[in-house]
Amino acid sequence: MADSATVPVDRVRIFDRAGTPIAEFKASVNRSWIIGGEGRAQFTYPSRKANVVNRKVLEFGNWLLVQSSALQSWVGQIDTPREWGTRTATVSAYTPEQIFSQRIGPLEEVVTGSPGQVFERLVSQLNLAEQTVIRAGSVWRGGSQRQVVLNPSPLSEYLKTLWETSGEDYVWRPRTDDNGRLVIYGDWVQYLGAETGVLLQEGKMSTRKGNLVLLEDFMDESLGKANHEIKKRHGKPDEKAAKTIAYGSIKYGILKVSPEKNVVFEWEHALSFEGE
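In this report, we go over the structure that sits alongside the text. (Residues numbered from 1 in each chain as written. Predicted model: local features only at pLDDT ≥ 70, side-chain atom pairs only at ≥ 80, totals over all residues. Heavy atoms only, no water.)

### Observations concerning the overall build of the protein
The line we're drawing: We count a stretch as a helix when DSSP gives it H or I for four or more residues in a row; a strand needs E for two or more, and each element gets its number in order from the N terminus. Throughout this description, buried means an accessible area under 20% of the type-specific maximum (1.4 Å probe, protein chains only), exposed means over 50%, and partly exposed covers the range between. In short, Shrake-Rupley with a 1.4 Å probe defines the accessible areas, and a residue's cover is counted only from the protein chains shown.
Within the protein, the regular secondary structure consists of six helices and 15 strands. Residues counted as buried form 41% of the 276 residues belonging to the protein. Within the structure as shown, the protein displays about 15,500 Å² of accessible surface, and the carbon and sulfur contribution to it stands at 51%.

### Here's the deal with the packing of aromatic side chains
The relation between two aromatic rings is expressed through the spacing of the ring centres and the mutual angle of the planes. Cut-off, in case you're wondering: Any two rings among Phe, Tyr and Trp, with Trp reduced to its six-membered ring, count as a pair given centres within 6.5 Å; such a pair is stacked if its planes are under 30 degrees apart, edge-to-face if over 60, and tilted if neither.
Inspection of every chain in the model, using the stated rule, returns eight aromatic pairs. On the basis of an interplanar angle of 25 degrees and a centroid distance of 6.1 Å, the ring pair of Phe 119 and Tyr 170 is categorised as stacked. In this pair, Phe 119 sits in helix α2 (residues 115-126) while Tyr 170 sits in strand β11 (residues 169-176), placing the two residues 51 residues apart along the sequence. Both residues of the pair, Phe 119 and Tyr 170, count as buried. With 6.0 Å between their ring centres and 10 degrees between their planes, Tyr 170 and Trp 188 make a pair best called stacked. One end of the pair, Tyr 170, is in strand β11; the other, Trp 188, is in strand β12 (residues 182-189), with 18 residues separating them in the sequence. On the basis of relative accessibility, which here comes to 1%, the residue Trp 188 falls in the buried class. Taken together, Phe 100, Phe 119, Tyr 170, Trp 172 and Trp 188 form an aromatic cluster joined through their ring pairs.

### Some details on the packing of α2 against helix α3 (residues 155-166)
For any two helices packed against each other, one specifies the inter-axial angle together with the distance between the axes. For clarity, the cut-off: Between N-to-C directions, angles cover 0 to 180 degrees, with each direction set by a line fitted to C-alpha atoms, over the stretch in contact for helices. Here is the rule for angles: anything less than 35 degrees is roughly parallel, anything more than 145 is roughly antiparallel, 65 through 115 is roughly perpendicular, and the remaining ranges are oblique. Contacts: residue pairs with any heavy atoms within 4.5 Å of one another. Three residue categories are used. Nonpolar comprises Ala, Val, Leu, Ile, Met, Phe, Trp, Tyr, Cys and Pro, charged comprises Asp, Glu, Lys and Arg, and polar comprises the others, including Gly.
Closest axis-to-axis distance for the α2/α3 pair is 11 Å, and the angle between their directions is 170 degrees. Here α2 is positioned roughly antiparallel relative to α3, judged by the angle of their axes. Touching Pro 115, Val 118, Phe 119, Leu 122, Gln 125 and Leu 126 of α2 are Leu 155, Tyr 158, Leu 159, Leu 162 and Ser 166, all from α3. Within the contact of α2 with α3, the residues separate by chemical class into nine nonpolar, two polar and no charged.

### Some details on α2
Put simply, the test is: Here a helix's expected span is defined as the number of its residues, less one, multiplied by 1.5 Å.
Along its 12 residues, α2 runs 16 Å from first to last C-alpha, staying within 8% of the 16 Å computed at 1.5 Å per residue. Restricting attention to buried positions, one finds in α2 the residues Pro 115, Gly 116, Val 118, Phe 119, Leu 122, Val 123, Gln 125 and Leu 126.

### Details of the sheet that holds strand β9 (residues 134-139)
Pairing between the strands of a sheet is mediated by backbone hydrogen bonds and can be parallel or antiparallel. We apply this condition: When DSSP locates at least two bridges between a pair of strands, those strands are taken to pair.
In space, the three strands of this open sheet follow the order β9-β12-β11, with mixed pairing throughout. Of all strands in the sheet, those bounded by a partner on one side alone are β9 and β11. Between one strand axis and the next, the sheet turns by 30 degrees as a mean value, whatever way the strands run. Here β11 pairs with β12 via eight bridges, running antiparallel. Paired with Thr 176 across the two strands is Leu 182, which belongs to β12. Together, β11 and β12 form the strand contacts of α3, whose direction differs from that of β11 by roughly 125 degrees.

### Considerations on the pairing of strand β2 (residues 21-27)
Looking at chain direction, strand β1 (residues 10-15) and β2 are connected through six bridges and run antiparallel. Directly across from Ile 14, in β2, lies its bridge partner Ala 23. With antiparallel pairing between neighbouring strands as the criterion, β1 and β2 make up a hairpin whose turn holds five residues, including Gly 19 at a positive phi of roughly 95 degrees.

### Section: the nonpolar core
Where a protein is soluble and globular, its nonpolar side chains tend to be buried together. To keep things clear, this is the line we draw: Put simply, buried Ala, Val, Leu, Ile, Met, Phe, Trp, Tyr and Cys residues joined by side-chain atoms within 4.5 Å make one nonpolar core.
Formed by 27 residues in total, the largest nonpolar core has its most connected members in Trp 63, Phe 100, Ile 134 and Trp 172. Breaking this core down by element, the ones donating at least two residues are β5 (63-67), α1 (97-101), α2, β9, β10 (146-150), α3, β11 and β12. With 20 residues, the next largest nonpolar core counts Ala 27, Tyr 45, Leu 64 and Ile 78 among its residues.

### Some thoughts on α3
Between its terminal C-alpha atoms α3 stretches 16 Å, which fits the 16 Å expected from 12 residues at 1.5 Å a residue. The secondary structure elements touched by the buried residues of α3 are α1, α2, β10, β11 and β12. The positive-phi residue at the C-terminal boundary of α3 is Gly 167, with phi of around 75 degrees.

### Here's the deal with the sheet that holds strand β3 (residues 30-31)
The seven strands lie next to each other as β2-β1-β5-β6-β7-β4-β3, forming an open sheet whose pairing is antiparallel. Of all strands in the sheet, those bounded by a partner on one side alone are β2 and β3.

See below:
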């Protein structure tokens, strides 16, 4: 029998189509993030738990928010396949690109602007027939101007083409308001690749631009700088003290910043022995 302590358990929250919270429980959720595409999540839950396994909670179109301490939050809409068995129920959900595929553009509209401005128009069109929980969030409006002709085609096609041709990127940022209602902000950003939220003095970390710093290299660099500072002050290195300072500086540099802001990591400031 597997040790339950080794099984990752996520905080799962279900919201109705309008974003009203209707259930919360723990489950192990398999999920994926696809840059510029539709990610998927799936979990299995005991059928006997009628407070969760019922039509109201697991209705198609409801929103699934998965949170854990190890990964960024995942948000998506419940859809097929959804299977009920005598012992377990299996539920699937897809990232917000799914709802863009369910809505179409106007009869004809010419949109002129930057990729970020076109993205804002797509979100606005998404909410035209029925208000969703998706909103335009932090939008970078730089970049080259373009003309996009919207027709009655799925909005997901325009979103994918915009992402592919602009050289820019977007991310979904789920939040709950003061009343606990879900809001999903679509942030349009200048940099390609996954948004790490961490900025080095040399530039933003980005997988697709190749501007990626591996954790192992990041920690080794921090350890080397801490050892250098100790040797400069005390005349000899101290590996144990260097590790404490180096790894602590990384944690502190990230945790001291509020979650909605980017982390700007500066080696000199992070490894300062003077305090704040």
